[in-house]
Amino acid sequence: MITRGTYFQNSEDRPIVYGEVEVYNTPRRRLRGEEKKEGILCETVCTGFCGTDFELMHMGQRGELGPKFPAGTQRLVNGHEGVVYVPSENRFAIVLIRGGNSFDPTRYMDDETYFEYGCDQEDGLMVEENYYHPDMLLKIPEKHIQGKQLPLSLAKKLVFADPYACMIFQLERMEDLGSAQNFRLEMAKHKCSEAEARAIAKENIFSRVVIFGLGTTGMFMGDLIRRSYPGAQILFVSRSRPEDPKVRFAVTKVKADYVENNFDTEAELADEIVRRLGGKATTFIGCSGAAVEHRIAFEHNVLGNNGIYNSFSLGPVVSFKTMPFGFKNHLVFGSINFRQDHMEKAIEMLCESDYDKIVELVDLEDLKRDPKGLYENRIYAKGAPLKSMAIWKENYIDRSR
């Protein structure tokens, strides 16, 4: 089917373009052991712009996108955040992004395969229409829609379903790993059972948390930690000014502290982080996309003994010296994505949230006219809003709500 939208290609000058593009109804498997199913035609209602889109554009500029293209094509329709309308079922839906020939496509094994709408081997949402696996069109609670149109405020909240679900996954992973990493320390300290020690270790891994980078993922991670662990000390670190609206929103939302990275040296920044935390971090979450985050944690000793380093950034190389790393018993992990239950939980939580306050609209005509310029000069430029969203079908949006 021929439709219109944005797509990435390997090109130094035109890594992202808008125009006619052919999308295919390729039979897909949601999980290993299930039958392949053809997709259902859906109309794109609205899409959010993710940092992954920006990184994919850069990969296209470097000629590195080949493995990401759907089979038989030389381009990838991007977009993995947003809301679609399913005409055959007369309802709105959130697309579950990842599936494949694996038992859990978010943590696939070496002999398993996966695909991701808009990210990897399958076209995504930034087109007027596309096909999606029928079992991967997740429901939005009807009570929040109340009619044939989607309230604009709800649409803005729901563009966060993918990253919020990913942070639910991150929290689960840190809980699992924190419990396993330090339960023997807690058993020795408290003279308690293994089960009691695991519960203590799970909570204590969030005693002093550094979130390095203040995008939406960092803010969501702080929000979820605060909800689950009210006693956690959470410190955001970024280059934004403290009076920046996104900083004020995040700090207030999470009840967190904040350090502006405006120091002359990394050592000074590290000292300030430790001072503000009242000790070294038990968990360090790197989500800034900058290489400095691992140096602050390891070279400048901000991450304490037995602590966890959660590498969530895409792009930077993480390195550390093996001698202190081994003796300090650090745990480094990287784990991206989520399960379907995480996405369903995220949809429910976001419907009740106030995250629409941090989403700004971009004109679809501006995206059509110059997608690369819009990405570079507005959506991902310095001083950009925390989140940008485009409306593709105005007739499905109620701007009065």
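For the structure itself, look to the data block above.
A brief look at the structure comes next. (Residues numbered from 1 in each chain as written. Predicted model: local features only at pLDDT ≥ 70, side-chain atom pairs only at ≥ 80, totals over all residues. Heavy atoms only, no water.)

With that settled, consider the overall build of the protein chain. The helix and strand inventory of the protein chain stands at 12 helices and 21 strands. Taking 2.2 N^0.38 as the reference for a compact globule, 401 residues should give roughly 21 Å; the C-alpha atoms of the protein chain span a radius of gyration of 22 Å, in line with that estimate. Over its C-alpha atoms, taken along the principal directions, the protein chain stretches across nearly 65 × 50 × 45 Å. Burial analysis of the protein chain (401 residues in total) assigns 55% to the buried set. By sequence separation, contacts in the protein chain at least 24 residues apart represent 71% of the contacts at least 6 residues apart. (Helix = DSSP H or I, 4+ residues; strand = E, 2+ residues; numbered from the N terminus. Rg over C-alpha atoms; globule rule 2.2 N^0.38 Å. Buried < 20%, exposed > 50% of the residue type's maximum accessible area, 1.4 Å probe, protein only. Contact = heavy atoms within 4.5 Å.)

The next subject is the sheet that holds strand E9 (residues 121-122). One open sheet accounts for three strands, arranged E7-E8-E9; its pairing is mixed. The two strands at the open ends of the sheet, each matched to only one other strand, are strand E7 (98-99) and E9. Inspection of the sheet shows E7 paired to strand E8 (residues 115-117) by two bridges, in the antiparallel sense. The residue bridging Arg98 from the neighbouring strand is Glu116, located in E8. (Pairing = 2+ DSSP bridges.)

Glancing now at the sheet that holds strand E18 (residues 331-333). Ordered by their spatial adjacency, six strands build an open sheet running E15-E14-E13-E16-E17-E18, and the pairing between neighbours is parallel. The sheet is open, and its two borders are formed by strand E15 (257-260) and E18, each paired with just one other strand. Direction aside, the axes of adjacent strands within the sheet are offset by 15° on average. Docked against the sheet, helix H5 (residues 216-228) engages strand E13 (208-212), strand E14 (233-238) and strand E16 (281-286), running at close to 175° with respect to E14. (Axes fitted to C-alpha atoms, helices over the stretch in contact; angles between N-to-C directions.)

Helix packing geometry: the angle between the two helix axes and the distance between the axes. Look at helix H3 (residues 161-190) against helix H10 (residues 340-351): their axes get within 8 Å of each other, and the N-to-C directions meet at 115°. Between H3 and H10 lies a crossing of right-handed hand. For the pair H3 and H10, contact is made by Ala161, Asp162, Tyr164, Ala165, Ile168, Phe169 and Glu172 and by His342, Met343, Lys345, Ala346, Ile347, Met349 and Leu350, respectively. For the contact of H3 with H10, the residue count by class is 10 nonpolar, one polar and three charged. (Left-handed = near helix turned anticlockwise from the far one by under 90°. Nonpolar A, V, L, I, M, F, W, Y, C, P; charged D, E, K, R; others polar.)

What follows is about empty space enclosed by the protein. The gaps of empty space that remain are located by a probe, the size of a water molecule, rolled over the atoms. One pass over the full model with this rule turns up two cavities of 30 Å³ or more. Within this model, the largest cavity holds a volume of roughly 60 Å³. Around the largest cavity sit Tyr24, Asn25, Thr26, Arg28, Lys37, Gly39, Tyr117, Glu122, Tyr131, Tyr132 and His133, which together line it. Its residues assigned to classes, the lining of the largest cavity shows four nonpolar, four polar and three charged. Its volume calculated, the second largest cavity comes out at about 40 Å³. Lining the second largest cavity are His80, Glu81, Gly82, Ile94, Val95, Ile97, Leu125, Leu158, Val159, Ala161, Asp162 and Met343. When contributions to the lining of the second largest cavity are tallied by element, the ones reaching two or more residues are strand E6 (91-95) and H3. Considering only residue class, the lining of the second largest cavity consists of eight nonpolar, two polar and two charged. (1 Å grid on protein atoms, 1.4 Å probe; cavity = no way out; pocket = protein on both sides within 12 Å on 5 of 7 lines; lining within 4 Å. Points joined across faces, edges and corners; volume = space filled by probe spheres on them.)

In this section: the packing of helix H1 (residues 51-61) against helix H12 (residues 371-379). Between H1 and H12, the least distance of the axes is 11 Å, while the angle of their chain directions is 120°. With respect to each other, H1 and H12 are oriented oblique. In this structure, H1 crosses over H12, and the sense of that crossing is left-handed. Across from Asp53, Phe54, Met57 and Gln61 in H1, the residues of H12 making contact are Lys372, Tyr375 and Glu376. (Parallel < 35°, antiparallel > 145°, perpendicular 65-115°, else oblique.)

This part covers helix H8 (residues 292-299). Burial analysis of H8 places six of its eight residues in the buried class, which makes it a mostly covered element. Among all positions of H8, only Val292, Glu293, His294, Ile296, Ala297 and Phe298 are buried. Contact partners of the buried residues in H8: E13, helix H7 (266-277), E16, strand E17 (303-311) and E18. With its phi angle positive at about 60°, Asn301 sits one or two positions after the end of H8.

Another aspect to go through is the state of the cysteines. One pass over the structure, following the stated rule, counts zero disulfides. No disulfide involves Cys50; its sulfur sits 7.0 Å from that of Cys119, the nearest cysteine. Among the residues examined, Cys119 registers a relative accessible area of 8% and is labelled buried. (Disulfide = S-S within 2.5 Å.)

Note that every value here comes from positions in space, so none of it alone points to a role or purpose.
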